[in-house]
Amino acid sequence: MSKLILSAYWTKFASFFPRNVAPNTITLSGLGFVVFNFLTLLYYDYSYKGETGGASGPPQWVYFTWGIGLFLYQTFDACDGKQARKTGMAGPLGEMFDHGCDALNTTLEVILTLRALDLTRSWWGIASIVATAGSFYLTTWEEFHTGTLYLGVFSGPVEGILIVCCIYFITGIFGPSVWNLPLLSLPVLSTITSMEPLENLIPLSMHYLPMNIAFMIFGAFGLAFNIITAYGNVVTTLKKGQSVLLPLLRLMPFCVSVALHVAFASSPLAGKPKKDLVHSPLVLPYMCFWGLEFAHQVGRMITAHVTKTPFPYWDPMWVWIAIGALDGHARAIFGRAPLIQATPLGQNTFVMLSLAISLYSYGRFCYLVIKDITEYLGIACFTVRKKDSRGVWRNVWEIEAEKNQ
């Protein structure tokens with residue numbers, strides 16, 4: 001898709017940006033469209049009830065803005081590299097900044113897509129985060145070992161985003177409830193599956209499989225395919241004598257994070273022990289907390305790749321997540337009430353504090369990385385400037401003009 005159609009569109013679109021616009025500014029602006037979409041979700045359904053849960057909004061026209069915003073994000077994300085080459089600002093800072101924005105977008109789009117599919121407050125949401133974050137982690141892991149960013153015939157940044165845009169537009173026309181209809185009830189599929197001998201071969205449960213659940217199953221197969229493809233690419237680049245198990249060991253941080261988050265998210269709800277955190281309004285801030293922790297995790301990996309430093313196996317945030325999980329399950333593990341999350345107020349405070357800590361931790365990480373790289377390389381992050389031979393900040397085109405004289 002990107003080679004056949006979108007490449008020409010991206011090239012033309014990138015030509016509209018003047019040379020004094022920094023590529024990282026384009027990247028951040030693109031992420032701004034997605035953040036705006038997320039803010040509209042908070043405005044209309046901050047408790048993340050979904051249509052099935054009785055939420056009155058958002059209006060259907062909002063889903064069109066989500067689709068347009070995501071498409072613009074993809075466009076800006078594709079143009080930042082072209083702008084970097086045009087302005088002479090291509091380098092490791094742009095690569096890491098682009099990865100960071102993509103990591104944040106991954107979680108935000110999962111949250112928005114679940115709302116469009118009417119799958120809020122469910123374990124399908126947790127499964128979606130695992131699948132999409134897992135695919136992104138695999139891509140970064142693959143690049144860490146091979147030095148190349150592989151995008152196959154079907155890739156998340158291109159075809160995956162276009163599919164999500166279509167989901168938003170369909171939801172804008174028919175509403176979220178349309179995704180609760182059985183997949184095989186669609187006119188074409190219904191006609192095909194009612195023919196002999198297909199009608200007798202298809203299990204009865206398949207006739208009642210909702211479209212939104214079918215979409216989740218499709219994502220699971222996509223993740224499995226990405227795992228096999230990524231590992232194959234990594235193995236082919238290993239030098240003679242290198243262990244094929246070492247790359248697999250570097251998948252451990254993601255697996256540990258998933259296990260801890262699932263344990264925390266399954267904590268019984270304070271005051272309602274038969275419900276868990278996933279089936280409550282706390283699931284939305286919790287997914288944001290998970291998303292920020294994930295962005296920090298892959299950010300450290302791509303930083304290690306670019307700077308040729310050791311692979312980051314350990315994540316200090318695991319301690320905090322483990323405390324939340326152990327305290328949430330204190331009654332089942334230790335036979336007593338939780339110390340921190342014994343009351344709704346205590347549980348709400350702990351989850352919101354988790355979100356705040358992850359936001360601060362990731363924000364600090366981004367600030368320090370940007371500061372170190374800009375100072376070391378003598379380049380600006382959000383303006384098209386570099387330090388000249390005398391250490392004076394100047395516009396890039398002025399420095400290049402002097403070199404060409």
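Remember, predicted model here, so these are calculated numbers, not experimental data.

Rules of the game
Residues numbered from 1 in each chain as written. Predicted model: local features only at pLDDT ≥ 70, side-chain atom pairs only at ≥ 80, totals over all residues. Heavy atoms only, no water. Helix = DSSP H or I, 4+ residues; strand = E, 2+ residues; numbered from the N terminus. Rg over C-alpha atoms; globule rule 2.2 N^0.38 Å. Buried < 20%, exposed > 50% of the residue type's maximum accessible area, 1.4 Å probe, protein only. Contact = heavy atoms within 4.5 Å. Patch = residues over 30% accessible without salt bridge, like charges linked within 9 Å, V, L, I, M, F, W, Y side chains within 5 Å. Areas by Shrake-Rupley, 256 points an atom, 1.4 Å probe, with all protein chains shown as cover. Salt bridge = Lys/Arg side-chain N within 4 Å of Asp/Glu carboxyl O. Core = buried A, V, L, I, M, F, W, Y, C linked by side-chain atoms within 4.5 Å. Axes fitted to C-alpha atoms, helices over the stretch in contact; angles between N-to-C directions. Parallel < 35°, antiparallel > 145°, perpendicular 65-115°, else oblique. Left-handed = near helix turned anticlockwise from the far one by under 90°. Nonpolar A, V, L, I, M, F, W, Y, C, P; charged D, E, K, R; others polar. Phe/Tyr/Trp six-rings, centres within 6.5 Å; stacked < 30°, edge-to-face > 60°.

As for the overall build of the chain
Next, step 1: The secondary structure content of the chain amounts to 17 helices and four strands.
Next, step 2: In terms of overall size, the chain behaves like a compact globule, its C-alpha atoms giving a radius of gyration of 23 Å where 405 residues would be expected to give roughly 22 Å.
Next, step 3: Each of the three principal axes of the chain carries a C-alpha extent, and together these read 75 × 55 × 50 Å.
Next, step 4: Across the 405 residues that make up the chain, the buried fraction comes to 47%.

Topic: the side chain of H261
Next, step 1: Mapped onto the fold, H261 is located in helix α12 (residues 252-265).
Next, step 2: In this structure, H261 is in contact with Y286, F289, W290, E293 and I321, ignoring residues within four places of it in sequence.

Some thoughts on a nonpolar patch on the surface
Next, step 1: A cluster of nonpolar side chains, W61, F64, I68, I170, I173 and F174, forms an exposed patch at the surface whose accessible area comes to about 610 Å².
Next, step 2: Looking at the nonpolar patch, the elements that each hand over two or more residues are α3 (60-87) and α6 (156-174).
Next, step 3: Relative to the helices and strands, I170 resides in helix α6.
Next, step 4: Taking relative accessible area as the criterion, I170 reaches 32% and is therefore assigned partly exposed.

What to know about the environment of Y73
Next, step 1: Residue position: Y73 is located in helix α3.
Next, step 2: Since its relative accessible area comes to 2%, Y73 is described here as buried.
Next, step 3: Note: C-alpha distance between Y73 and G30 (43 residues apart in sequence) is 4.3 Å.
Next, step 4: Ignoring anything within four residues of it in the chain, the contact list for Y73 reads G30, L31, F33, V34, C101, D102, N105 and I161.

Overview of the pattern of salt bridges
Next, step 1: Summed over the entire model, instances satisfying the criterion amount to two salt bridges.
Next, step 2: In this structure, the salt-bridge partner of D45 is R115, at a minimum N-O distance of 2.8 Å. In this pair, D45 sits in helix α2 (residues 23-45) while R115 sits in helix α4 (residues 92-116), placing the two residues 70 residues apart along the sequence. Both residues of the pair, D45 and R115, count as buried.
Next, step 3: Ionic pairing is found between E375 and K371, a salt bridge with its closest N-O pair at 3.4 Å. Here the residue E375 and the residue K371 both occupy positions in helix α16 (residues 344-377), the gap between them amounting to four residues, near one helical turn.
Next, step 4: You can call K371 partly exposed: its relative accessible area is 32%.

Things to note about the nonpolar core
Next, step 1: The biggest cluster of nonpolar side chains holds 89 residues, and the ones touching the most others in it are Y48, I111, Y137, W141, F264, Y286 and F294.
Next, step 2: Here this core gets 14 residues from one element, more than from any other, and that element is helix α13 (residues 283-307).
Next, step 3: Those residues in contact with Y48, other than ones at most four positions away along the chain, are L41, V110, I111, L114, R115, T120, R121, V283, L284 and M287.

Here's the deal with the environment of W290
Next, step 1: Secondary-structure assignment places W290 in helix α13.
Next, step 2: The spatial distance from the C-alpha of W290 to the C-alpha of I167 is 24 Å, given a sequence separation of 123 residues.
Next, step 3: Here W290 is in contact with I126, I129, V130, V258, H261 and V262, once residues within four sequence places are set aside.

Digging into the packing of α13 against α16
Next, step 1: Two numbers describe how α13 lies on α16: the axes approach to 9 Å, and their chain directions differ by 25 degrees. The orientation of α13 relative to α16 falls into the category roughly parallel. At the point where α13 passes α16, the crossing takes the left-handed sense. Only V351, M352, S354, L355, S358, L359, S361, Y362, F365 and V369 of α16 make contact with α13, whose side of the interface consists of P285, Y286, C288, F289, L292, E293, A295, H296, G299, R300 and T303.
Next, step 2: Here the residues of the contact of α13 with α16 sort into 13 nonpolar, six polar and two charged.

Observations regarding unusual backbone geometry
Next, step 1: Put simply, G57 and P58 share a cis peptide bond, and its omega is 5 degrees.
Next, step 2: Take P58: it is sitting in the loop between α2 and α3.
Next, step 3: Look at Y48: it is not a glycine, yet its phi comes out positive at around 60 degrees.
Next, step 4: Along the chain, Y48 falls in the loop between α2 and α3.
Next, step 5: Assessed through its relative accessible area of 1%, Y48 is described here as buried.

With respect to the packing of helix α5 (residues 123-146) against α12
Next, step 1: Two numbers describe how α5 lies on α12: the axes approach to 11 Å, and their chain directions differ by 165 degrees. Classified by the angle between their axes, α5 and α12 sit roughly antiparallel to one another. The element α5 and its partner α12 pack so that their crossing is right-handed. Note on element contacts: α12 touches α5 through P253, F254, V258, V262 and A265, opposite W123, I126, V130, A133, G134 and Y137.

Here's the deal with the packing of aromatic side chains
Next, step 1: Applying the stated criterion across every chain, the model contains 23 aromatic pairs.
Next, step 2: Between the aromatic rings of F144 and F311, the centroid separation amounts to 5.1 Å while the plane-to-plane angle is 80 degrees, which identifies the pairing as edge-to-face. You can see F144 sitting in helix α5 and its partner F311 sitting in the loop between α13 and α14 (317-328), a full 167 residues away along the chain.
Next, step 3: A ring pair is formed by F215 and F218, whose centres lie 6.5 Å apart and whose planes are at 35 degrees; its orientation type is tilted. In this pair, F215 and F218 are both assigned in helix α10 (residues 211-237), three residues apart and thus about one turn of the helix distant.
Next, step 4: Here F215 falls in the partly exposed class, since its relative accessible area comes to 25%.

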